[in-house]
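What follows is each chain in one-letter form.
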Amino acid sequence: MEDKKTVPSPKNFRLQRLLSIFSFREFSIAIAFVLLCFFFWWQRPGAFLKLANLKVIMRFVATFGLLAIGEILVIITDGIDLSVGSMTALTGVLAATFMVKGVGPIPPLAILPSILLVLTFSGLVGRWHGFCVTKLQIPSFIITLGTWLVARGMAKFITRGYPIVFPLDFPFLELGQGEIFQIPVMFIILVVVAVIAAFILRSTTLGRHIYAVGGNIEAARVAGINVDRVRSFCYISSGVMAGLVGLLLASRLGQGTPTVGSTYELWAIAATVIGGTSLRGGEGTITGAILGAAIMGVMFNGMVIVNMSPYVQETVLGAVLVIAVTYDMWRRRRSTN
Amino acid sequence: MDNTVARVEMHDIRKSFGAIQALRGVDLTLGRGEVLGLVGDNAAGKSTLMKVLSGAHIPDGGQIFIDGRQVWFGNPEDSRSLGIEMVYQDFALVDNLDVAANMFLGREYIRWGFGPVRLLDKRTMELESLRLIEDLRIDIDCVSLKVKHLSGGQRQAVAISRVTAFDARIIIMDEPTAALNVISVGKVLELIRQLKSQGCSIIIISHRLEDIHQVGDRVMVLRHGRKVCDRRIQEDIHAFRERVVAYMIGARDDYSAYLDE
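Residues numbered from 1 in each chain as written. Chains lettered and ligands numbered in written order. Predicted model: local features only at pLDDT ≥ 70, side-chain atom pairs only at ≥ 80, totals over all residues.

1. Details of the overall build of chain B
1) Next: Counting its regular elements, chain B contains 8 helices and 12 strands.
2) Next: Its C-alpha atoms give chain B a radius of gyration of 19 Å, within 12% of the compact-globule value 18 Å for 261 residues.
3) Next: With the C-alpha coordinates aligned to their principal axes, the bounding extent of chain B is approximately 60 × 40 × 40 Å.
4) Next: In chain B, the share of contacts with a sequence separation of at least 24, taken over all contacts with a separation of at least 6, comes to 69%. (Helix = DSSP H or I, 4+ residues; strand = E, 2+ residues; numbered from the N terminus. Rg over C-alpha atoms; globule rule 2.2 N^0.38 Å. Contact = placed C-beta atoms within 7 Å.)

This is the structure in structure tokens:
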């Protein structure tokens, strides 16, 4: 046959793959991010690009980026995880309890076992969500809303409302406060986790199955995909991310506080949505979620350094969210016509 | 291999759901490269019979022979491993994935694997789906196109070629031409002829008798869980339609002598 369809050569093929990382949607978000940075830099050239300020932004982005990575996996499978904010409080409190106070007669544990214990616990909470959603068919909204209350309540109960403070030079505090070559450890953790998550979503069968489950769960099932296991994986990941952020926040603040992280689940969802994720499932990328978190971080920080009234700040963020979603819907409608 | 042995032989298949006897001892044979039209009114037992063959239902009684060897299907994987594939009525495609991803969904090529971490071999899958699409002369230019941008006929073509990617020898199609426009119906029928010429045995469940007349070698009519007709398609479309409808509504019955009652 002469008129063979164009088969990409291996070289072109890789190039295509490389370019597709910056598919149009992420690209426009990235441009918005850069413009935003330019705007604040132009407003306060001295303050915005100061190293100390960049570190503040990086820590912020790390917090919401990590939560958004867990959240986006759940959202792609057409679910939602409302528990992550409260879970950061509970896991932070647990970490402080394990390391500083000890549980009942058990003396305080070493740092590493405590961290592992906390991450395992948060993973098990995620597993519980997965079990309820897949086996008991409870809507993810409801079951994670339950955990949202229970986790917050437990954090308050364990601490009786008081923060558990770490000793001043406690090595655990390096995690949230430390830096490597001027880059906050938190941010490095974000980068590592993001690379792993993006790799899973883009290049592994699991990632493809996650998108398939979100796109058409029945088709995924008849194709022989273990749908329940895929969904459970996403809830577990979201739980572990919440646990990780809980550890980082406790370390950053130097205490396990039962009030930390309230409404963080909504910020995490907002980050994914700004990053172009559809709440109807089947769509969304890690790049987008990180960019969404970055836009929020720069906005939060920029509004402070240009002395915007705190009363106006949330209004502006809300407007940005609405504009982002409206633009995305409009663009999507145009591309399908 | 002995070419006279039927590819599929189902004998005296029975299946009840509670008090309802969905299948009351149905026989079915399907030769190599044969296209069998399976017809019947709603609730006649067509889908149940096909679900038995694809392993989704376990029959209460009866035997199944594939290439003369008796088999027993406990789940869809068992039947799939013998080359039996089902194309579902609602296409069973994932809209947000591209053509190549849909073709190999659930059975991806792996470039590298370690435990649960399995790296997709996207290039091989894309080339392989391009090859399949060319073999079956489907008019889709680009396999990295998302399925939601395809027409109904193209979607059906993807769903059908999807099963051929795994060396399906026996393909069951549930209403492959429902909800398609005239041109797409023609293309899907052409695709069925292609598969037949490649040696696939095909069972088509359809309400569109003209489609079965066009591509079918034989027609089988079920009524109330029993086979009432099993004959070669020889007559012209009008006589065929009239005859099949007569069987469907119970005016004719070739097997009434074998009734239990």
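2. Describing the overall build of chain A
1) Next: The secondary structure content of chain A amounts to 15 helices and 4 strands.
2) Next: Within chain A, the proportion of its 337 residues that are buried is 46%.
3) Next: For chain A, contacts bridging at least 24 residues in sequence account for 78% of all contacts bridging at least 6. (Buried ≥ 20, exposed ≤ 12 C-beta atoms within 10 Å, placed from the backbone.)

3. As for the interface of chain A and chain B
1) Next: On the side of chain B, 23 residues touch chain A, which itself brings 21 residues to the contact.
2) Next: Every element with two or more residues in the side of chain A that touches chain B is listed here: helix 10 (205-215) and helix 11 (217-222) of chain A.
3) Next: Broken down by element, the side of chain A that touches chain B gets its largest block of residues, 6 residues, from helix 10 of chain A.
4) Next: Looking at the side of chain A that touches chain B residue by residue, the classes come out as 10 nonpolar, 7 polar and 4 charged. (Nonpolar A, V, L, I, M, F, W, Y, C, P; charged D, E, K, R; others polar.)

4. Examining the nonpolar core
Here is a general trend for soluble globular proteins: nonpolar side chains tend to be buried in one another's company.
1) Next: If you look at the biggest cluster of nonpolar residues, it comprises 162 residues, and the most contacted ones within it are A:V61, A:F64, A:L67, A:I69, A:A271, B:I171 and B:V221.
2) Next: Take this core: its biggest share by element is 15 residues, from helix 4 (residues 51-76) of chain A.
3) Next: When near neighbours in sequence (up to four residues on either side) are disregarded, B:I171 contacts B:E85, B:V87, B:V163, B:L195, B:C200 and B:I202. (Core = buried A, V, L, I, M, F, W, Y, C linked by C-beta atoms within 7 Å.)

5. Observations regarding the pairing of strand 11 (residues 218-223) of chain B
All names here are of chain B.
1) Next: Within strand 11, 5 of the 6 residues are buried, leaving the element largely enclosed by the surrounding structure.
2) Next: Strand direction decides the pairing type here: strand 11 and strand 12 (residues 226-232), joined by 6 bridges, are antiparallel. Looking at the pairing, L222 lines up with K227 of strand 12.
3) Next: Connecting the antiparallel pair strand 11 and strand 12 is a turn made up of 2 residues, with H224 showing a positive phi of about 50°. (Pairing = 2+ DSSP bridges.)

6. Structural notes on the confidence of the model for chain A
Residues and elements named next belong to chain A.
1) Next: Of the residues in chain A, 92% have a pLDDT of 70 or more, and the chain-wide mean is 86.
2) Next: Within chain A, helix 1 (residues 10-20) has the poorest average pLDDT of any element, 60, and helix 12 (residues 227-253) the best, 94.
3) Next: Ignoring residues within four places in sequence, the model shows residues 1-8, a span with pLDDT below 50, making 7 contacts including any to other chains. (pLDDT = per-residue confidence, 0-100.)

7. Let's talk about the sheet that holds strand 3 (residues 35-40) of chain B
Hydrogen bonds between backbone atoms are what pair the strands of a sheet, whose relative direction is either parallel or antiparallel.
Residue and element names in this part refer to chain B.
1) Next: Pairing within the open sheet is mixed, and its 6 strands lie in the order 6-9-10-3-11-12. Each of the sheet's edge strands pairs with one partner strand only, and the pair in question is strand 6 (84-87) and strand 12. Averaged over all neighbouring strand pairs, the angle between strand axes comes to 20°, with direction disregarded.
2) Next: Relative to strand 9 (residues 170-174), strand 6 runs parallel, the two sharing 4 bridges. Residue pairing for strand 9: E85 is matched across the bridge by I171.
3) Next: Running at roughly 25° to strand 11, helix 8 (residues 237-248) makes contact with strand 3, strand 11 and strand 12 of the sheet. (Axes fitted to C-alpha atoms, helices over the stretch in contact; angles between N-to-C directions.)

8. Looking at helix 7 (residues 140-159) of chain A
All names here are of chain A.
1) Next: Its 20 residues place the ends of helix 7 28 Å apart at the C-alpha level, agreeing with the 28 Å of an ideal helix rising 1.5 Å per residue.
2) Next: All buried positions along helix 7 are accounted for by S140, I143, T144, T147, A151, R152, A155 and T159. Each buried residue of helix 7 lies within a common arc of 165° when the element is viewed along its axis, so the set occupies one face. Exposed residues pointing more than 90 degrees away from the buried face of helix 7 are listed as I142, L149 and F157. (Expected span 1.5 Å × (residues − 1). Arc of directions from axis to C-beta.)

9. Some remarks on the environment of B:A165
Residues and elements named next belong to chain B.
1) Next: As for its placement among the helices and strands, A165 is situated in the loop between helix 5 (152-164) and strand 9.
2) Next: Distance from A165 to R232, taken between C-alpha atoms, is 30 Å for residues 67 residues apart in sequence.
3) Next: Other than its neighbours up to four places away in sequence, A165 contacts M103, F104, E128 and L132.

10. Some details on the packing of helix 5 of chain B against helix 6 (residues 182-197) of chain B
All names here are of chain B.
1) Next: Closest axis-to-axis distance for the helix 5/helix 6 pair is 9 Å, and the angle between their directions is 15°. Relative to helix 6, helix 5 is oriented roughly parallel. Helix 5 and helix 6 meet at a crossing whose hand is right-handed. Counted together, G152, G153, Q156, A157, I160 and T164 of helix 5 and I183, S184, K187, V188, L191 and L195 of helix 6 form the full contact between these two elements. (Parallel < 35°, antiparallel > 145°, perpendicular 65-115°, else oblique. Left-handed = near helix turned anticlockwise from the far one by under 90°.)

11. Observations regarding the pairing of strand 8 (residues 117-120) of chain B
Residues and elements named next belong to chain B.
1) Next: In terms of strand pairing, strand 7 (residues 110-114) meets strand 8 through 4 bridges, oriented antiparallel. By the bridge assignment for strand 8, I110 is matched with L120.
2) Next: Hairpin geometry of strand 7 and strand 8 is characterised by an intervening segment of 2 residues between the two adjacent antiparallel strands and by a positive phi of about 60° at G115.

12. Some points on helix 5 (residues 84-101) of chain A
All names here are of chain A.
1) Next: Its 18 residues give helix 5 an end-to-end C-alpha distance of 24 Å, which sits within 8% of 26 Å, the value for a rise of 1.5 Å per residue.
2) Next: Within helix 5, 15 of the 18 residues are buried, which leaves it mostly tucked inside the rest of the structure.
3) Next: Following helix 5 by one or two positions, G102 has its phi on the positive side, about 80°.

13. Quick word on unusual backbone geometry
1) Next: One non-glycine residue, A:D78, lies in positive phi territory at about 70°.
2) Next: Inspection of the secondary structure assignment puts A:D78 in the loop between helix 4 and helix 5.
3) Next: Overall, A:D78 belongs to the partly exposed group, with 18 C-beta atoms counted inside 10 Å.
4) Next: A positive phi angle, near 50°, is found at B:H224, a position not held by glycine.
5) Next: Judged by C-beta crowding, with 15 C-beta atoms within 10 Å, B:H224 ranks as partly exposed.

14. Quick word on the confidence of the model for chain B
1) Next: On average, chain B scores 83 in pLDDT, and the residues at 70 or more come to 96%.
2) Next: Across the predicted assembly, pTM comes out at 0.83 and ipTM at 0.76.

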